[in-house]
Amino acid sequence: MEKNINLTLKIWRQAGPKVKGEFETYKLDNVSTDNSFLEMLDILNEKLVKERKEPIAFDHDCREGICGMCSLFINGHPHGLDGETTTCQLHIRRFHNGQTITIEPWRSAAFPVIKDLMVDRGAFDKIIQAGGYVSVNTGGVPDGNAIPISKVFADEAMDAASCIGCGACAATCKNGSAMLFVAAKVSQLALLPQGKVEAAHRAKAMVAKMDELGFGNCTNTGACEAECPKAISISHIARLNREFLSAKFKD
Amino acid sequence: MAKKQESTAVEATKIDARIPEGVLAEKWSNYKAHQKLVNPSNKRRLDIIVVGTGLAGSSAAASMAELGFNVLNFCIQDSPRRAHSIAAQGGINAAKNYQNDGDSVYRLFYDTIKGGDYRAREANVYRLAEVSNGIIDQCVAQGVPFAREYGGLLDNRSFGGAQVSRTFYAKGQTGQQLLLGAYSALSRQVGKGAVKLFSRYEMLDVVIIDGRARGIIARNLVSGKIERFFAHAVVVGSGGYGNTFFLSTNAMTSNASAAVQMYKKGAYISNPAYCQIHPTCIPVHGETQSKLTLMSESLRNDGRIWVPKLKEDAEAIRAGKKKATDLKEDERDYYLERRYPAFGNLVPRDVASRAAKERCDAGYGVGNTGLAVYLDFSSSIERLGENTIRARYGNLFQMYEKIVDENPYKMPMMIYPAIHYTMGGVWVDYELQTSVKGLFCIGEANFSDHGANRLGASALMQGLADGYFVLPYTIQNYLADQIQVPRLSTDLPEFDQAEKGIRAKIEKIMKIQGDTSVDSIHRELGLIMWDFVGMGRNKAGLETALEKIKAVRHEFWTKVYVPGVSTDLNVELEKALRMADFIEIGELIARDALMREESCGGHFREEYQTPDGEALRNDEEFSFASCWKFNGEGEEPELLKEALDYEFVHRQQRNYKA
Ligand SMILES: Cc1cc2nc3c(=O)[nH]c(=O)nc-3n(C[C@H](O)[C@H](O)[C@H](O)COP(=O)(O)OP(=O)(O)OC[C@H]3O[C@@H](n4cnc5c(N)ncnc54)[C@H](O)[C@@H]3O)c2cc1C
Ligand code: SF4
Ligand code: FES
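These numbers were taken from a predicted model, which means no experiment stands behind them.

## Here we look at the pattern of salt bridges
All names here are of chain B.
Link 1 in the chain: Counted by the stated rule, this structure contains 69 salt bridges over all chains.
Link 2 in the chain: Here Arg121 ties to Glu642 by a salt bridge, and the two come within 2.7 Å at their closest N and O atoms. Of this pair, Arg121 sits in the loop between α4 (105–115) and α5 (122–142) while Glu642 sits in strand β19 (residues 638–643); the two residues are 521 residues apart in sequence, bridging distant segments of the chain.
Link 3 in the chain: For Arg121, a relative accessible area of 7% translates into the label buried.
Link 4 in the chain: The salt bridge involving Lys575 is made with Glu572; its shortest N-O contact spans 3.1 Å. Highlighted residues: Lys575 and Glu572, both in helix α17 (residues 571–595), separated by three residues, approximately one helical turn.
Link 5 in the chain: A residue is classified by how much of its surface remains accessible, and Glu572, at 5% relative accessible area, is buried.
Link 6 in the chain: One salt-bridge network, in which partners are shared between bridges, spans Asp117, Arg119, Arg596, Glu598, Arg617, Asp619 and Arg651.

## With respect to the sheet that holds strand β18 (residues 624–629) of chain B
Two strands in a sheet stick together by hydrogen bonds in their backbones, pointing the same way (parallel) or opposite ways (antiparallel).
Residue and element names in this part refer to chain B.
Link 1 in the chain: One open sheet accounts for four strands, arranged β16-β10-β18-β19; its pairing is antiparallel. Of all the strands in the sheet, just β16 (425–426) and β19 have a single pairing partner and so form its edges.
Link 2 in the chain: Summarising the sheet, strand β10 (residues 269–270) and β16 pair through two bridges and their orientation is antiparallel. Residue pairing across strands places Ile269 opposite Val426, the latter belonging to β16.
Link 3 in the chain: Packing of α17 onto the sheet brings it into contact with β10, β18 and β19, and relative to β18 it is tilted by some 140 degrees.

## Describing the nonpolar core
Link 1 in the chain: Ranked by internal contacts, the top residues of the largest apolar core, which has 241 residues, are A:Phe215, B:Met64, B:Ile92 and B:Phe146.
Link 2 in the chain: Considering each element in turn, this core owes the most residues, 14 residues, to α17(B).
Link 3 in the chain: Excluding residues that lie within four positions of it along the chain, B:Met64 makes contacts with B:Ile48, B:Val50, B:Phe69, B:Val71, B:Val235, B:Leu471, B:Pro472 and B:Ile475.
Link 4 in the chain: Grouped together as the second largest cluster of nonpolar side chains are 26 residues, A:Ile11, A:Leu48, A:Cys70 and A:Leu90 included.

## Considering the site of ligand 1
Link 1 in the chain: Near ligand 1 you find 38 residues, and of these B:Gln77, B:Ser85, B:Met203, B:Glu444 and B:Leu460 are the closest.
Link 2 in the chain: Each of chains A and B places residues next to ligand 1.
Link 3 in the chain: Between B:Ser458 and ligand 1, the recorded distance is 3.2 Å, taken from a backbone N or O atom to an oxygen atom.
Link 4 in the chain: The biggest single contributor to the shell around ligand 1 is strand β6 (residues 201–209) of chain B, with three residues.

## What to know about the interface of chain B and chain A
Link 1 in the chain: Across the contact, 76 residues belong to chain B and 69 residues belong to chain A.
Link 2 in the chain: For the pair chain B and chain A, the summed buried area comes to about 6100 Å², and 51% of that belongs to carbon and sulfur atoms.
Link 3 in the chain: Where chain B touches chain A, the interface holds 45 residue pairs in polar contact (both at pLDDT 80 or more).
Link 4 in the chain: Residues that form the side of chain B that touches chain A fall into these classes: 30 nonpolar, 28 polar and 18 charged.

## Focus: the packing of aromatic side chains
Link 1 in the chain: Counting across every chain of the model gives 35 aromatic pairs over all chains.
Link 2 in the chain: Summarising the aromatic geometry, the rings of A:Trp12 and A:Phe23 are spaced 5.2 Å apart at their centres and angled 80 degrees between planes, so their arrangement reads as edge-to-face. Placement of A:Trp12 in strand β1 (residues 4–13) and of A:Phe23 in strand β2 (residues 22–32) is noted, with a sequence separation of eleven residues between them.
Link 3 in the chain: Overall, A:Trp12 belongs to the buried group, its relative accessible area being 13%.
Link 4 in the chain: Judged by centre distance (6.0 Å) and plane angle (80 degrees), the ring pair of B:Trp28 and B:Tyr473 falls under edge-to-face. Remark: B:Tyr473 occurs in helix α13 (residues 459–479) and B:Trp28 occurs in helix α1 (residues 27–34); sequence separation between them is 445 residues.
Link 5 in the chain: Three or more aromatic residues link up through ring pairs in this structure, and these residues are A:Phe111, A:Phe124, A:Phe181 and A:Phe215.
Link 6 in the chain: In this arrangement the basic side chain of B:Arg127 is found over the ring face of B:Tyr430, its NZ or CZ atom lying 4.2 Å from the centre.

Here is what the cut-offs are and how they apply
Residues numbered from 1 in each chain as written. Chains lettered and ligands numbered in written order. Predicted model: local features only at pLDDT ≥ 70, side-chain atom pairs only at ≥ 80, totals over all residues. Heavy atoms only, no water. Salt bridge = Lys/Arg side-chain N within 4 Å of Asp/Glu carboxyl O. Helix = DSSP H or I, 4+ residues; strand = E, 2+ residues; numbered from the N terminus. Buried < 20%, exposed > 50% of the residue type's maximum accessible area, 1.4 Å probe, protein only. Pairing = 2+ DSSP bridges. Contact = heavy atoms within 4.5 Å. Axes fitted to C-alpha atoms, helices over the stretch in contact; angles between N-to-C directions. Core = buried A, V, L, I, M, F, W, Y, C linked by side-chain atoms within 4.5 Å. Near = heavy atom within 4 Å. Polar contact = N/O pair within 3.5 Å; in protein donor to acceptor, adjacent residues only side chain to side chain. Buried area = accessible area lost by both parts, 1.4 Å probe. Nonpolar A, V, L, I, M, F, W, Y, C, P; charged D, E, K, R; others polar. Phe/Tyr/Trp six-rings, centres within 6.5 Å; stacked < 30°, edge-to-face > 60°. Lys NZ or Arg CZ within 6 Å of the ring centre and 35° of its normal.

As structure tokens, this is what we get:
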């Protein structure tokens, strides 16, 4: 395999939330295939700065697939085509010499563009604020081993809790639904005795907030699960629906 | 317990850490029993600014809001959940002794003091060990899905430098789960209106009125607008300054700026030279690399570290003529097991890092750069099976394979040390208050608890101890006297002045219009730091570093180019502002390292080592925490000292051999 390759990049540029955006094309030569995708964008930005042009704004922070800050539609897929990979973990060795790569921001009514490839995902915080917690204050809680929890449930809760809040699920859903994100949190907490107490109420509050914020309805297309970089399973949506129904039932 | 005062010859310029009287085990209870509290109706009238939403910041903000204070919480990321703490992998310590293997509060305290090479404050460390158990209970109550055993109880693992299993974990994503727990508690308070959240905001200065911290100036990173915020007290939990080295395991926006702002307003910076170099990181691949990735230390539980015994083999491997798996057992040098039979691959980080450097410098390194050693799982896979190893470290192996493009189940991993954590930071007293009244500092940003070297799984413990269980008490001792202070106007001259200073600085940077990008200057600084202020330091090298850093400062202030305007989202400007402060802290690190003529923990001065190459402390002269006091731009800072008197523990040379 070649160590260095040449790329053509079609990148969405948009100066601000209310401005019309458009694609711009950039040529980038001699990129080492050991670089990560974001390092490739760093190189492009460094070049733009040298040419006294505005660099491309994009979100990122940990660069190891855990903070959920990076985003990007890469050739039509959120976080690119590699399974279970965030954009920051994607490497240039996955692309070939001479390839054209299209890079766009999340496209979702609930995630307005801030600038270029950066979007506002504040809606996710608001959904958590509506109920994505266990209502305990600091102090005065029982010993950590007071309530044994089956390893099976603990592990499943852990899988649900692996959601990094990146927004790929909602961005890729044709209905713009945030169901997978909401379900992951509801499911994690419903699986644990500590969170079970408020489970139904939590489900209702979070779904109501999701609707209010302009996310669409879930029609079980499964696109979210396919694109989720953390392989969050749509089985959690089933659990959310159960909790939701039980809340409705109690009403 | 022998109560013997081990005094030192250090003539400390009286820095008072305000440690409560009494025997070690009773200090914290005594403190809590006698401190001042704020009554519930007054709490609502008091505003507290918390900068940072990492483990320290979000746990503090949530807990203080629960108590009834009015909290304003700031972070750089778009959501508090994305703070750098999210990336912590391995685990969190607590003295639960659930494994019945002889752990106790005292043992956790002792291990931490010893691990820190006797350069931490006894009283603080004891308190940390004491509150550690409450953290686990709290997190479980929040729904943190810690790993469990089949019987349903919490599982533990042993972690670098400890002989007991006291580390709690959630797969290889412990930081993520703990932070999401704290974030959920924080979100609950935001929902209730008790915390006002300011994400995508960056603090640019702290405002001092009549000698007390009364607010901050922050930049809205989306609009570029500079805004003023008042509070009765300011708490900073802004994380560590590891990114001074450019390449580190820290997140891209981790920075030193809040610390430098506090320093310039009168807070001391303590022990900046104590930087932790983590032994198990993925080696550097090339010049366009932007950051380094940690491979959790927990891997050392089942992985064995080695290099070839013969130089010829190492050379052949570097040239691509041989593979690791071509070497037979007796052709491998398991150098940690050889040098440290008692601890083997589990020696503390500083020891493991230096040993790797020693082998590579001597010509035994592998990988195409020669700056790598092997971390080999073949014998564990043979003993336990691939599935067990996958269950333990699956996500780490996957991360490794994505970056390096090699299957670590088949080929040993390659690792090399990298900057990871900073033990030094803003000086705080027992109450976590800095030398400026009303200004508190928590988490990695402060200097407390870890001395000269931090043990694995102790940073998460400290961040959450500060935020959940220490600060919410100690800050009340301060605020109890502030209930008469009204909410001050942000039109006061002190706010004006601070904002003016910030505007002038930004304008100055924007006007340079040079030809060098921020990143290229940062890379330059990073190389200087790594080469001269890294794992092996000496007088001549540190003096060279100080000269070179001066040159970098000059280059930055004459040649940097920041495109765009300051009144809009401008990532290059954000980086430039942080860069200016990395230069300041970089200089302080080198200065502190030059001053400290001994080796201890993560600070290794080549002139001061034992005959077999271990760190050689000098307790007579250096048993103190250095406190650097800002003396004005362009002036030499003043060195003050907080003497570290060991009342309860007898100091020894650390020995991990027998
Ligand atoms: C890869 C990795 C793995 C680790 N693994 C472990 C482990 O297994 N166990 C362990 O104990 N420790 C571990 N650590 C160390 C530990 O994660 C950190 O020390 C700890 O999380 C720091 O928490 P904090 O709250 O002090 O700061 P951070 O989490 O760094 O948070 C800093 C916060 O401050 C904000 N901030 C900074 N500057 C400003 C500003 N000027 N204005 C506004 N906001 C600002 C940031 O936005 C952020 O919210 C690891 C570290 C790394 C890098
Ligand atoms: S469910 Fe998956 S895609 Fe959606 S926010 Fe969580 S990690 Fe991202
Ligand atoms: S930058 Fe953190 S997940 Fe990609």
